[in-house]
Amino acid sequence: MPALPDPPDDSEDVDAHETTLQFESDPNTLVQEIEKAKEQEACLIVIRGKPQGHRFFLTRDEMIIGRDPAADVYIADDGISRRHAKLTRLDGLILLSDLGSANGTYLNDQRVAGTGLPLAKEDMLRIGTSILKFLPAGELEIIFYGNLGAAAHTDALTGIYNKGYFMEALSA
């Protein structure tokens, strides 16, 4: 029977074997990304539901969330009313109102009873079985989510849309 190798010596200094990778960041790139982020409108990002990862930019003073394909924020979810909720831009704020939906609109797991509740950074809206995350205008995270979506839907080598993109587009 062959001999087993000796167990590692626990008395060795573990730090001597660890390697730390350090990446130097280009300050110009960071400045450019921050400037690009400042140009972004406030948005809702679909965290759970379809189309997952999609960003809905809040570009108008009044926008409707619903299951109706004509809704400004269209989400294909049977638990969502055709005209479920309304987003209103007023004095730099985005206000959320329920439009008498059958299953209710929830902001951070609290049912929206009144009208015109202001949204804050990273608030979660639950409508039907879908969850949307709110990001105010100018947030760097908006660009991050866009980059994730682009990476998930395009071939890294050719830059063309992949099969997953087409399957998602056809199912919508």
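Preceding this paragraph is the structure being described.
Since we're looking at a predicted model, the values are computed, not measured.

Quick notes on the rules
- Residues numbered from 1 in each chain as written.
- Predicted model: local features only at pLDDT ≥ 70, side-chain atom pairs only at ≥ 80, totals over all residues.
- Heavy atoms only, no water.
- Helix = DSSP H or I, 4+ residues; strand = E, 2+ residues; numbered from the N terminus.
- Buried < 20%, exposed > 50% of the residue type's maximum accessible area, 1.4 Å probe, protein only.
- Contact = heavy atoms within 4.5 Å.
- Core = buried A, V, L, I, M, F, W, Y, C linked by side-chain atoms within 4.5 Å.
- Pairing = 2+ DSSP bridges.
- Salt bridge = Lys/Arg side-chain N within 4 Å of Asp/Glu carboxyl O.

Chemist: Sorry, what's going on with the overall build of the protein chain here?
Modeler: For the protein chain, the count of helices and strands is three helices and 11 strands. Put simply, the protein chain runs from its N terminus to its C terminus through helices and strands in the order α-β-β-β-β-β-β-β-β-β-β-β-α-α. Out of the 172 residues belonging to the protein chain, those deemed buried represent 28%. Taking the intrachain contacts of the protein chain between residues at least 6 apart in sequence as the baseline, contacts between residues at least 24 apart amount to 35%.

Chemist: Looking at this structure, how should I read the nonpolar core?
Modeler: Side chains of nonpolar character tend, in soluble globular proteins, to be buried together. Counting residues in each nonpolar core, the largest one holds 21 residues, and the members touching the most others are Leu44, Ile65 and Leu125. Elements that contribute at least two residues to this core include exactly strand S1 (43–48), strand S3 (62–66), strand S5 (85–90), strand S6 (93–98), strand S10 (124–127) and strand S11 (130–135). Among all residues touching Leu44, those that are not within four sequence positions of it are His54, Arg55, Phe56, Leu58, Ile65, Leu87, Leu125, Leu132, Lys133 and Phe134.

Chemist: Would you mind going over the sheet that holds strand S7 (residues 105–107) with me for this structure?
Modeler: Strands pair in a sheet through their backbones, by hydrogen bonds, and they do so in one of two ways: parallel or antiparallel. The antiparallel open sheet is built from six strands, whose spatial order is S2-S1-S11-S10-S7-S8. Two strands lie at the open edges of the sheet, namely strand S2 (55–57) and strand S8 (110–111), each paired on one side alone. Looking at chain direction, S1 and S2 are connected through three bridges and run antiparallel. Looking across to S2, one finds that Leu44 is bridged to Phe56.

Chemist: Mind showing me how you'd approach the pattern of salt bridges here?
Modeler: Where charged atoms from two side chains of opposite charge approach closely, those side chains can pair. Across all of its chains, the model carries six salt bridges by this definition. In this structure, the salt-bridge partner of Asp72 is Arg60, at a minimum N-O distance of 2.7 Å. Placement of the pair is Asp72 in the loop between S3 and strand S4 (73–74) and Arg60 in the loop between S2 and S3, with a sequence separation of 12 residues. On the accessibility criterion, Asp72 (23% relative accessible area) is partly exposed.

Chemist: Help me out: how do you make sense of unusual backbone geometry in this one?
Modeler: Peptide bonds are, in most cases, trans, and in most cases residues other than glycine have a negative phi. In this model, Asn108 sits at a positive phi of 50°, which is unusual for a non-glycine residue. Take Asn108: it is sitting in the loop between S7 and S8. Phi at Glu122 is positive, roughly 70°, even though this residue is not glycine. Locating Glu122 in the fold gives a position in the loop between strand S9 (117–118) and S10. On the basis of relative accessibility, which here comes to 41%, the residue Glu122 falls in the partly exposed class.

Chemist: How do you make sense of the sheet that holds S3 when you look at a structure like this?
Modeler: Across the sheet, which stays open at both edges, the five strands sit in the order S4-S3-S5-S6-S9 with mixed pairing between neighbours. Each end of this open sheet is capped by a strand with a single partner; those strands are S4 and S9.

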